[in-house]
Amino acid sequence: MDLSKFSFISKIFTIAIIAIIYVIIFFILKIMYKDIKDTGRRKKGRRKKYGLEVIEIKGNEVLKEGSVIPMGDWITIGRKEDNTLVLADEYVSGYHAKIFLKNNSCVIEDLNSTNGTFVNDEAIEEKTYLSAGDIVKIGNSMFKIIG
């Protein structure tokens, strides 16, 4: 057996293995770059999360003061059972108010309730933007916006 042939084949295999390693590294770096780039985009488009902290509650045996009600895209509040938050309080209408997210902001709307909806002790007449720390009063219950 000729050693020069063996040396030549050995060099070809060495070059092939190095080329394969470089290709693998290239694809790994490409995947890592895509992940880093996509993570940056997701952070910008992330929706702010809001919730309602129970300050005072009447007409709901499940919730206690200090409880936090996480909010999805919207929450309805009223006496009827198909509301998201049911308050069996005589001063709460069947469908009293709705809180929803609009353009990453939290908005409350009174649904023509009899006794009104209050934000920071002021009755609201139309859709009102809420900020973290605002106090919402519905019937005899009070909630603080957190987010």
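See the structure printed just above.
Residues numbered from 1 in each chain as written. Predicted model: local features only at pLDDT ≥ 70, side-chain atom pairs only at ≥ 80, totals over all residues. Heavy atoms only, no water.

Novice: Give me the overall build of the protein: which residues, what numbers.
Specialist: A count of helices and strands for the protein gives one helix and 11 strands. Its helices and strands in sequence order give the protein the pattern α-β-β-β-β-β-β-β-β-β-β-β, from N to C terminus. Here the protein has a C-alpha radius of gyration of 30 Å; the compact-globule value for 147 residues is 15 Å, and the former is much larger. For the protein, the spread of C-alpha atoms along the three principal axes comes to 100 × 30 × 25 Å. Once local pairs closer than 6 in sequence are excluded, the contacts in the protein between residues at least 24 apart make up 39%. Carbon and sulfur atoms make up 58% of the accessible area of the protein, which amounts to about 10,500 Å² in all. (Helix = DSSP H or I, 4+ residues; strand = E, 2+ residues; numbered from the N terminus. Rg over C-alpha atoms; globule rule 2.2 N^0.38 Å. Contact = heavy atoms within 4.5 Å. Areas by Shrake-Rupley, 256 points an atom, 1.4 Å probe, with all protein chains shown as cover.)

Novice: Give a description of the pairing of strand β10 (residues 135-138) that names residues and reports values.
Specialist: Residues Val 136 and Ile 138 of β10 are buried on one face, while the alternating residues Ile 135 and Lys 137, pointing to the opposite face, are not. Across three bridges, strand β7 (residues 117-119) lies against β10 in antiparallel orientation. The residue bridging Phe 118 from the neighbouring strand is Lys 137, located in β10. Pairing between β10 and strand β11 (residues 141-146): four bridges, direction antiparallel. The partner of Lys 137 across the bridge, within β11, is Met 142. Connecting β10 to the next strand, β11, in antiparallel fashion are two residues, including Gly 139 with a positive phi near 60°. (Buried < 20%, exposed > 50% of the residue type's maximum accessible area, 1.4 Å probe, protein only. Pairing = 2+ DSSP bridges.)

Novice: Just give me the short version of the nonpolar core, but keep the residues and values in it.
Specialist: One finds Leu 52, Ile 69, Leu 85, Leu 87, Ile 99, Leu 130 and Phe 143 to be the most contacted residues of the largest nonpolar core, which totals 24 residues. Looking at this core, the elements that each hand over two or more residues are β1 (51-56), β3 (74-78), β5 (97-102), β6 (105-110), β10 and β11. Of the residues forming this core, the biggest block, three residues, is contributed by β5. (Core = buried A, V, L, I, M, F, W, Y, C linked by side-chain atoms within 4.5 Å.)

Novice: Got a sec to walk through the sheet that holds β10? Specific residues and values, please.
Specialist: Strand order across the open sheet formed by six strands is β2-β1-β11-β10-β7-β8, with antiparallel pairing between neighbours. A single partner strand is all that each edge strand has here, and the edge strands are β2 (68-70) and β8 (122-123).

Novice: Please give an account of the sheet that holds β5 that cites residues and values.
Specialist: Either a parallel or an antiparallel arrangement is found when strands of a sheet pair, and the pairing is made through backbone hydrogen bonds. With respect to topology, five strands assemble into an open sheet ordered β4-β3-β5-β6-β9, the strand pairing being mixed. The open sheet terminates on both sides in strands that have one partner only, identified here as β4 (85-86) and β9 (128-130). Here four bridges tie β3 to β5, and the two strands are oriented antiparallel to one another. Bridge pairing in β5 places Ile 77 opposite Ala 97.

Novice: Lay out the side chain of Thr 76 in plain terms, naming residues and giving numbers.
Specialist: Tracing the backbone through its elements, the reader meets Thr 76 in strand β3. Its relative accessible area of 14% is what places Thr 76 among the buried residues. There is a polar contact of 3.0 Å between the side chain of Thr 76 and the backbone nitrogen of Thr 84. Setting aside residues up to four positions removed in sequence, Thr 76 forms contacts with Asp 82, Asn 83, Thr 84, Leu 85, Ala 97 and Lys 98. (Polar contact = N/O pair within 3.5 Å; in protein donor to acceptor, adjacent residues only side chain to side chain.)

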